[in-house]
Structures are given as C-alpha cells and as structure tokens.
Amino acid sequence: MFDIGASFDREILANAKVRPTVLFIEPEDPRVVEAALRLPRFARPVFLCTREQVEAVIREHLPHVDEARVEYTLMESAFCEIDHCTELQEELAAAVLELPADRRLCEDLEEARRFVATPAGFGIMAVQAGHADMVVGGARHEPRDFMRPLIKVMKVEPVVCEAGIIVLPDDHPQDLYPHNILVIGDVGVNATVTPEILARSAVGTAAVARDLIPMEELPELNGVIVSYSNRGGDEGPSPRLVREATELAPKFIAERCKRGARYCSIGIQGEVKINVALSRRSAQLYRKGGETVDVGGTNVLVAPNLDTGNLLFHLFATRYPDGHKFSAIFGIRFRGVDLPMDVEPEDAALAVKASILRLQKFGEWERTPRDTFFPRPRILAINPGSTSTKLAVFEGDEEVFAEELKHTAEELEPFEGQRIVSQFEFRKQVIGEFLTKNGVAVDALDAVSARGGLVNPIPHGTYAVNDRMRSDLLDGTGSDHASNLGALIANALVGDSGKPAFIVDPVVVDEMDDRGRYTGFKDIRRKAISHALNQIATAHRFANDHETFYERLNLIVCHMGGGITIGAHRKGVFCDVNNGLDGEGPFTPQRSGSIPVGDLIRLCFSGKYTMEELLKLNKGRGGLIDLLGTADFMHIEKKYLEGDPDFAPVFEAMCYQISKWICSMVPAFDGEPVDRVLLTGGLARAKPLVSLVEKACEPLGCGLSIYPGENEMAALVQGALRVIRGREDVREYAPE
C-alpha cells in the first residue's frame, strides 16, 4: 500500500535545495515537540520558548525518543522568547497595521501590540513579515485564536479551503477504496458559500491532493461534490448550489492546468450521494437510463458546508483509528499548518511535511526571506588547482554563485620552474578582480575558507590560518602543490579585518592508529594522505541525513576518482586510510595501486624503466591508463556493458579491488559494527561499478549509500559553518 510518509520524505529531498524555517507556537505540548523532532532533515524548527523549556518537555514526556535525534534537533533549532523580542514585536505590530484593510486584524497600534504579544499573533506575523516560512499551531489553540486569524492575514487566493487527508490502514475495504487515500474538502473556513466558492474549493482540494500524491500512485484524481441529492433526484438550496458549482469546476480546473500540467489529471463531478461516490455497486443502482457510470472509487470528497466536512473527516478518522489524518490549507501559499486538538505526533509531522512539499513543489519559494532566526554568514570558498582557481560564495548553506577561473599557459609561463608560492600575488590579484567584477566586497564577507595545502600532518577539523601555517607553506615544509596557495590567499584577503581565514581537512589529515602505521620494513611507515576533505564532508552529510552526528557513527568512506582512497571513520576519528597519493590501495584510472613488492623490486633493478618512469606508472600513467590505454571511465564503462573481452575483466578487477579494500577496514572498528559504507567521488556515478561493489560488500551487513561527486566547495563552507555556528571548536595549527 501507499506509504505517504516515505513518499513525502523522498519528494521533499528530491525537490529541496534549502530547508524552510518552521515556527512552532505550542512548544509546551509534547506532541508538537515530538513532531518537531521528526523534522530537522526537512525544516529548521523555531520554538517560541527557551531551549531549557523544550528540554524539560522532552525529559518529562518523551524519554522514548532517541538521544541523538533529540540532540541533533536541538542543535538545528532556534529558540525565541516573545517577551525578550521587544524590537521584533514592535516591527510585527507595525506590520499588522500595514496589511490591506480586508486582511487587517487590528485597527490601532495598542491592539496590534497585544496581538503580536500572543504566540499565535507573533507566529502568524513573523511568517507574514518573512522571518519564517511557516507557522504551526492549533493543538492548543481554538480556531478563532489561530486558524481564522491565520487565514485572514495570509489569504492570497480568492477562496480558501481546508483539505483533510486520511491515509487508511492496509485492512480497509479494498472494494470501497482501491487506494488507501481519501481527501476530504471543507469549505467551512469561508464565511458564506456560493457556487463559485464551492467550485474553487473543490478544485483547490483536488490540487492539494495532486501536490501530495504522486502521479504514479494516483494517475487520476476523481473528485466529487457530495449532496443529499443524486443527479437531480431531489430539490432544495443545497443541490442547486452543488449543481451550479459543478458547472463552474471545469473553468477553474483549466486555470490550475496553466500553473502545472499535473493538475490536468483532476476531474470534478457533482450532486452525487456519498454512497454513489464511493461504491461502484451503488453507482450502478443509482444511474439513470443509459448514463455512463463514471463514479465509484472516488478519492476526493468535497462537502458543501462546514458541518458535513467536519462530520466526514472525523467519521473516517474514528472508523480507522490506525490510519493517519492531517489537514492542509489551500489558498495561503503553504504558510500555515492547523493541527487538530486530538492530533498525534506522527500526524502533526505529516501535516508539516505536506506543507513543506507543496511549498517547494509550487516553484516560487527559494529560501526564507529574512535570516532572523538562522543567520546566513557570507563565506568565500577558494580551491586553487594547477591551472585554475575555483571560487564560490555561499550565504549559509546556499551557494550564491560559483566560478572556475582558468589560468592560461601564457599567464603561468613566468612561474615555470619555480615553487607554487611564486604564483601567490598573481592568483590573489585575479581573485580580487573577479570579486570586484561580481560586486562581492571582501569587507562584506564573514569568513574565507580555503583548500588546505600540504602542511604537516594534523587531526581533522577546521583550522584558522596562523603564522606557523603560513611559515610552513612559504618554507616548503611539505610537497609543492597548488593547494598550498589556499591558506596564503585566504589570509591575505581578510588582512587585519578580524574576519577568520580557515582551511578545512587538508589531504594530510592524519589520525591513524599507530598499529596501522607499521610495515615489515623498519625504515618505512604508512602515511595517511587522502581525499580527507570529501571523505569527512561525506561522512557529515550521511550523519545529517540520518539526524545524528559524525562522532556517533562507524563509517567506511570510499572516494573514487582519478585516485581512490578508502577510509575508516570510527566515531569521529579518521583512524585509517590508504595513501592515495603514493598509489597504495586498489588500482585506479591513473594509479597502479598496491602491487606485489618482490616483483616491484625486481622490476626496479631490471633496467627496463628509469625511476622517473616507474614513478609515473605508479601515479599518473598507471592503472587503467597502463592496462587499457585510457582513463576515460565513461568509455570504459560503455565497453564493459558491451561485454568487450579486453575491458570487462579489468573493470571487474578494479571493482573487486575496491571492495576488498573496503572490507579490509573492518578491523579498524575494534569489533564494533560498521554503520554504513559510503561511496563518493566522480566514479560513484557509474552504476555498474556501484552495483558490483555493493554486491561484494553485502556480507558486511551495513548497506551502502551513494554520494556522487566531490562537492569540495560546499565541504569548505560546511567546515567554516560548523565553527561559526558553534558546533565545532576552531583548531590551532601547531604540529609537533
């Protein structure tokens, strides 16, 4: 049967770019708090109280909720005491008086102040003024205190209606409800009901259903305006109202179709008895003459008045107590959620998710207009490469723009044969010119976060650029690499402004256990050089997706690109990884990987290759290039799928070696189970590779998740944000 909760989760995550800000006006209610604890993956909660008050509710009423989920939600939430927000209250009171006359609730400033001093008034006007995107109430507020002022202030459509969604349990009568979904439309929020209002309400109810229920689940939405009369079988004001509304419905359906092709699947019929609407047997018996029977199996019922709508909704809800029930308001741009007083936590969460999904699906919302509750620091990310410099400006989690500045051979020619730091002034000038051209003032930035270079080995984290780091980079303590410019340029850009310059998880992150460093040669110790930035960012991303913390998980992360590194992340410690820089691990598109040592020694002294040629075979000309003559993985994948006898064995061998190295990390967890294997990097887009690796790793029993691409710029920004938001301490670069 249709799982509406899982469907909401999938669709929200597929449509979402950023999370909306959702304000809860009843944080003293355990059901509301428990619902909010289910939502931080999809929304940013704001509670109208202190964090301590929410924690007290959780301790007293919600001991069954997982501790990590609680901690994660509270970390992702904002808390606002109305009495302490005097400036914001004054702003909201003034906004009340600026509303159009037909939407205004108060006529003088003192009355407006009293209104916004209440949780409902504050929440409604905070959303109206753009400080939040959605307000949730009703569990402890009477309709006159929350729902009706909400609708009056936020009404944007000619007609407002409330759609009640009922998800029936699997044991419901299959002959009555071919799907386990019933949507009931209630026109009662309108003071009077005319044919036009009823017709618009019917179409609006069906539109809500279409926004929430995927086409593949319900290809057609069969809506019916119910009546005590069936197709002219009786007379009276109510049947006449329904008949006239039914005649108007096609016009309003056509208007909706212009907003989205999905609405063309809506059909509305009228003056139909409820038993005829739901039962094909009754429909057969009530038909007239040769009339085509096109009702029965209805999934949208629209009541012509408040009493009928309420009765139907609560009748079905009582008849099926194990089903889910929630409502969605049509006509206020998804900015409010009205909870019934007998709401259950899961249903409250579904109601919020339903509005979030519609908010994102409609296509107009991009982000919370104002960042009052969740500030959006402006961060510049810098990632220098050998012949280009990648730049991105973020506001909080949202990328504002990104650009890759290409450096021509002619531009780089003056630095030929010199250390990379000789390009410092050139690169800084190019970046400065680009920022000026795009109207980005360095003074307006809150931080600069750069790709870390080949400094001394350090633990993972976000580091402030300091004199020791600059000295090590300028003196060439580590190898020469373009990423060495990142910290130097970031530091120069912020200058004496007091703004922070960071680096995040450079390739030399080393938290390896001593036992992992030993080899059988006393002169050789294993080193950790890896795609630390993307590995750790991917681990954080998985933790966020599951509303927990990197420090609580055991993860094996496999970055697959031109080089492949596979790391063990034990409860927030990057405790083992192959040295991807020197070719350790599986062979890759460009690197030889670990090879039999004896054969390598003999090859070294055979005279067949020079040292430089062997180093190239190890990194740059090895792997798939040496085996197949190309590192073009799309071409190799195509050849594999075609069953090419030269390509298929090599493709499968690489997948086998990747899987073997993944499984080799299990001992790093000291007997604790692995929570997940994560595949990332460009090659994670190759479905045949992922399929083979997933099958080979099945005995681990933890499953596998895919995060394709490198996402380096976002990773740099996320590292900076964790420090700025107080979720991590900034680290000091002071290697031993």
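Residues numbered from 1 in each chain as written. Predicted model: local features only at pLDDT ≥ 70, side-chain atom pairs only at ≥ 80, totals over all residues. Heavy atoms only, no water.

Considerations on the overall build of the protein
Item 1. Helix and strand content of the protein: 26 helices and 23 strands.
Item 2. If you line up the protein on its principal axes, its C-alpha atoms span 105 × 65 × 55 Å.
Item 3. Residues counted as buried form 55% of the 736 residues belonging to the protein.
Item 4. Summarising the internal contacts of the protein: among those between residues at least 6 apart in sequence, 73% fall at separations of at least 24.
Item 5. Roughly 32500 Å² of accessible area belongs to the protein as shown, and the carbon and sulfur atoms make up 50% of that amount.
Item 6. Distance between charge centroids for the protein: 3 Å, based on 82 positive and 109 negative side chains. (Helix = DSSP H or I, 4+ residues; strand = E, 2+ residues; numbered from the N terminus. Buried < 20%, exposed > 50% of the residue type's maximum accessible area, 1.4 Å probe, protein only. Contact = heavy atoms within 4.5 Å. Areas by Shrake-Rupley, 256 points an atom, 1.4 Å probe, with all protein chains shown as cover. Lys, Arg positive; Asp, Glu negative; His and termini not counted. Charge placed at Lys NZ, Arg CZ, Asp CG, Glu CD.)

What to know about the pattern of salt bridges
Pairing between side chains of opposite charge can happen when the charged atoms of each approach one another.
Item 1. Summed over the entire model, instances satisfying the criterion amount to 49 salt bridges.
Item 2. Notably, a salt bridge pairs Arg243 with Glu271, separated by 2.7 Å at the nearest N-O pair. Residue Arg243 is located in helix 10 (residues 237–259), and its partner Glu271 is located in strand 8 (residues 266–272); the two are separated by 28 residues in the primary sequence.
Item 3. One salt-bridge network, held together by shared partners, links Arg19, Arg44, Glu76, Asp397, Arg725 and Arg727. (Salt bridge = Lys/Arg side-chain N within 4 Å of Asp/Glu carboxyl O.)

Concerning the layout of surface pockets
Any empty space left between atoms is shown by rolling a water-sized probe over those atoms.
Item 1. Of the voids in this model, the second largest pocket is the one considered here, and its volume is about 1400 Å³.
Item 2. Lining the second largest pocket are 38 residues, with Asp582, Gly593, Ile595, Leu600 and Asn618 positioned closest to its centre.
Item 3. Mapped onto the lining of the second largest pocket, the elements with two or more residues apiece are helix 20 (597–604), helix 21 (611–618) and helix 22 (624–628).
Item 4. In terms of residue count, the dominant contributor to the lining of the second largest pocket is helix 21 (7 residues).
Item 5. Residue composition of the lining of the second largest pocket, by class: 16 nonpolar, 12 polar and 10 charged. (1 Å grid on protein atoms, 1.4 Å probe; cavity = no way out; pocket = protein on both sides within 12 Å on 5 of 7 lines; lining within 4 Å. Points joined across faces, edges and corners; volume = space filled by probe spheres on them. Nonpolar A, V, L, I, M, F, W, Y, C, P; charged D, E, K, R; others polar.)

Some words on the side chain of Ser659
Item 1. Here Ser659 shows up in helix 24 (residues 648–663).
Item 2. Sequence-distant contacts of Ser659, defined by excluding residues within four places in its chain, comprise Leu692, Val693, Ala696 and Cys697.

As for the sheet that holds strand 21 (residues 676–681)
Item 1. The 5 strands lie next to each other as 20-19-18-21-22, forming an open sheet whose pairing is mixed. Two strands in the sheet have a free side with no partner beyond their single neighbour: strand 20 (573–577) and strand 22 (704–708). Adjacent strand axes in the sheet meet at a mean angle of 25°, parallel and antiparallel pairs treated alike.
Item 2. As paired strands, strand 18 (residues 554–560) and strand 19 (residues 564–570) are joined by 7 bridges and run antiparallel to one another. Its bridge partner being in strand 19, Asn554 is matched across the sheet by Arg570. (Pairing = 2+ DSSP bridges. Axes fitted to C-alpha atoms, helices over the stretch in contact; angles between N-to-C directions.)

Side note on the nonpolar core
Item 1. By size, the foremost hydrophobic cluster in this structure holds 76 residues, and its most contacted members are Phe24, Ile165, Leu212, Ile268, Phe326 and Leu339.
Item 2. Among all residues touching Phe326, those that are not within four sequence positions of it are Ile4, Phe8, Ala163, Gly164, Ile165, Leu212, Phe313, Asp347, Leu350, Ala351 and Ala354.
Item 3. In terms of nonpolar packing, the next biggest core, distinct from the first, is built from 40 residues, Leu391, Val430, Ile431 and Ala490 among them. (Core = buried A, V, L, I, M, F, W, Y, C linked by side-chain atoms within 4.5 Å.)

Details of the side chain of Ser7
Item 1. In this fold, Ser7 is placed in helix 1 (residues 4–15).
Item 2. A relative accessible area of 1% means that Ser7 is categorised as buried.

Let's talk about the packing of helix 24 against helix 25 (residues 687–696)
Item 1. The geometry of helix 24 relative to helix 25 is characterised by a closest axis approach of 9 Å and an angle of 45° between their N-to-C directions. Judged by the inter-axis angle, helix 24 sits oblique to helix 25. Helix 25 is crossed by helix 24, and the crossing has right-handed handedness. Residues Phe651, Glu652, Met654, Cys655, Ile658, Ser659 and Ile662 of helix 24 touch helix 25, and the partners they reach there are Pro688, Leu689, Leu692, Val693 and Ala696. (Parallel < 35°, antiparallel > 145°, perpendicular 65-115°, else oblique. Left-handed = near helix turned anticlockwise from the far one by under 90°.)

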